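Descriptive structure summary
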Amino acid sequence: MTEDQRPDEAAQDEAAQSRRARFGKLPDRIRPEDTFVETPATPPDPGRDTFNPDEWLIRNVG
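Remember, predicted model here, so these are calculated numbers, not experimental data. (Residues numbered from 1 in each chain as written. Predicted model: local features only at pLDDT ≥ 70, side-chain atom pairs only at ≥ 80, totals over all residues. Heavy atoms only, no water.)

Of the regular secondary structure elements, the protein holds 3 helices and 0 strands. Of the regular secondary structure in the protein, the N- to C-terminal order runs α-α-α. Scored against the burial criterion, the 62 residues of the protein give a buried share of 3%. Working note: accessible area of the protein is about 6,800 Å², and carbon and sulfur atoms make up 53% of it. (Helix = DSSP H or I, 4+ residues; strand = E, 2+ residues; numbered from the N terminus. Buried < 20%, exposed > 50% of the residue type's maximum accessible area, 1.4 Å probe, protein only. Areas by Shrake-Rupley, 256 points an atom, 1.4 Å probe, with all protein chains shown as cover.)

See the structure below:
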């Protein structure tokens, strides 16, 4: 602390220095290729994806 600084100014300077040390640098850059994960597509399930044209009759009239 110099003679012309008051104790609260010295504390503010120390706080500013600690903020610059902690937040003064941006984080490392992330490549766009690293922002997603590729997973293989699953084959369609024929038992699940079949269409029954009479299903609405079974559900609604049945």
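Taken together, the side chains of Trp56, Leu57, Ile58 and Val61 present a nonpolar region at the surface, about 440 Å² in accessible area. Along the polypeptide, Val61 turns up in the segment after α3 (55–60). (Patch = residues over 30% accessible without salt bridge, like charges linked within 9 Å, V, L, I, M, F, W, Y side chains within 5 Å. Salt bridge = Lys/Arg side-chain N within 4 Å of Asp/Glu carboxyl O.)

Turning next to the pattern of salt bridges. For the structure shown, the criterion picks out 2 salt bridges. With a closest N to O distance of 3.9 Å, Glu33 and Arg31 form a salt bridge. A residue is classified by how much of its surface remains accessible, and Arg31, at 48% relative accessible area, is partly exposed. Each of Arg31, Glu33 and Asp34 takes part in one network of salt bridges that share partners.

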